[in-house]
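Structural features, examined
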Amino acid sequence: MSGAAQLISISALVGADPIPATWSSLLLAVAPAPLAAAAAFAPAPVNLSAAAAGIAVLAVGIVAQITHTGLFFLPAVVVLAVAAVKLWRERGLSAGEGAGR
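What counts and what doesn't
- Residues numbered from 1 in each chain as written.
- Predicted model: local features only at pLDDT ≥ 70, side-chain atom pairs only at ≥ 80, totals over all residues.
- Heavy atoms only, no water.
- Helix = DSSP H or I, 4+ residues; strand = E, 2+ residues; numbered from the N terminus.
- Buried < 20%, exposed > 50% of the residue type's maximum accessible area, 1.4 Å probe, protein only.
- Contact = heavy atoms within 4.5 Å.
- Areas by Shrake-Rupley, 256 points an atom, 1.4 Å probe, with all protein chains shown as cover.
- Expected span 1.5 Å × (residues − 1).
- Core = buried A, V, L, I, M, F, W, Y, C linked by side-chain atoms within 4.5 Å.
- Polar contact = N/O pair within 3.5 Å; in protein donor to acceptor, adjacent residues only side chain to side chain.
- Axes fitted to C-alpha atoms, helices over the stretch in contact; angles between N-to-C directions.
- Parallel < 35°, antiparallel > 145°, perpendicular 65-115°, else oblique.
- Left-handed = near helix turned anticlockwise from the far one by under 90°.
- Nonpolar A, V, L, I, M, F, W, Y, C, P; charged D, E, K, R; others polar.
- Patch = residues over 30% accessible without salt bridge, like charges linked within 9 Å, V, L, I, M, F, W, Y side chains within 5 Å.
- Salt bridge = Lys/Arg side-chain N within 4 Å of Asp/Glu carboxyl O.

**A few points about the overall build of the chain**
A tally of regular secondary structure across the chain gives 5 helices and 0 strands. Helices and strands appear in the chain in the N-to-C order α-α-α-α-α. Considering only C-alpha atoms, the chain reaches an extent of 60 × 20 × 20 Å along its principal axes. The 101 residues of the chain split such that 35% are buried. Sequence-distant contacts in the chain: of pairs separated by 6 or more residues, those separated by 24 or more amount to 67%. Accessible surface computed for the chain: about 6000 Å², of which carbon and sulfur atoms make up 72%.

**Some details on helix α4 (residues 44-64)**
Owing to its 3.6 residues per turn, the α-helix brings residues three or four apart onto one side. Given a rise of 1.5 Å per residue, 21 residues ought to cover 30 Å, and the 31 Å separating the end C-alpha atoms of α4 matches this to within 8%. When α4 is considered as a whole, its buried residues turn out to be N47, L48, A50, A51, G54, V57, L58, G61 and I62. Contact partners of the buried residues in α4: α1 (2-14), α2 (23-30), α3 (32-41) and α5 (74-94).

**Focus: the nonpolar core**
One finds A39, A51, L58 and F73 to be the most contacted residues of the largest nonpolar core, which totals 14 residues. Taken together, the elements giving at least two residues each to this core come down to α4 and α5. The contacts of F73, once residues within four sequence positions are left out, are S2, A5, Q6, S9, L28, P32, L58 and I62.

**Observations regarding the side chain of S25**
Relative to the elements of secondary structure, S25 occurs in helix α2. Residue S25 is classed as buried on the basis of its relative accessible area, which comes to 2%. A distance of 3.1 Å separates the side chain of S25 from the backbone oxygen of P20, its partner in a polar contact. Looking at S25, its side chain comes within polar contact range of the main-chain oxygen of T22, at 3.0 Å.

**A few points about the packing of α2 against α4**
Contact pair α2 / α4: the axes reach a minimum separation of 9 Å and the direction vectors enclose 135°. The angle between the axes of α2 and α4 places the two elements in the oblique class. In the packing of α2 onto α4, the handedness of the crossing is left-handed. Contact residues: α2 offers W23, S24, L27 and L28, while α4 offers V57, L58, V60, G61, I62 and A64. Of the residues that constitute the contact of α2 with α4, the class distribution is 8 nonpolar, 2 polar and no charged.

**Focus: the environment of A64**
Within the secondary structure layout, A64 lies in helix α4. Measuring from C-alpha to C-alpha, the distance between A64 and S2 comes to 17 Å, with 62 residues separating the pair along the chain.

**Side note on a nonpolar patch on the surface**
A cluster of nonpolar side chains, contributed by L7, I10 and V14, occupies part of the molecular surface with about 290 Å² of accessible area. Relative to the helices and strands, V14 is located in helix α1. Judged by its relative accessible area of 66%, V14 is exposed.

Taken by themselves, the reported measurements are silent on function.
Written out as structure tokens, the structure is:
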């Protein structure tokens, strides 16, 4: 989801009627897919931080680009939020918090 929305942002930046190259449009064109990949494939201490950073980056970019390409990133935020919750629960279960259930 992040990669697809990132390609839409890149296309909007270089298209026939390009959007302005502001910090938020460049943020959405560069950051989402690497952060999502880090959340998916990084080792356990890093993946939850990468998911949280991805959510923060996407939230800031969506708010700043709401009139252009920001809404394309809403599904990616939902996916990263679900991943962060699952990673958080998995970390708690591996530490023994849910052992009695």
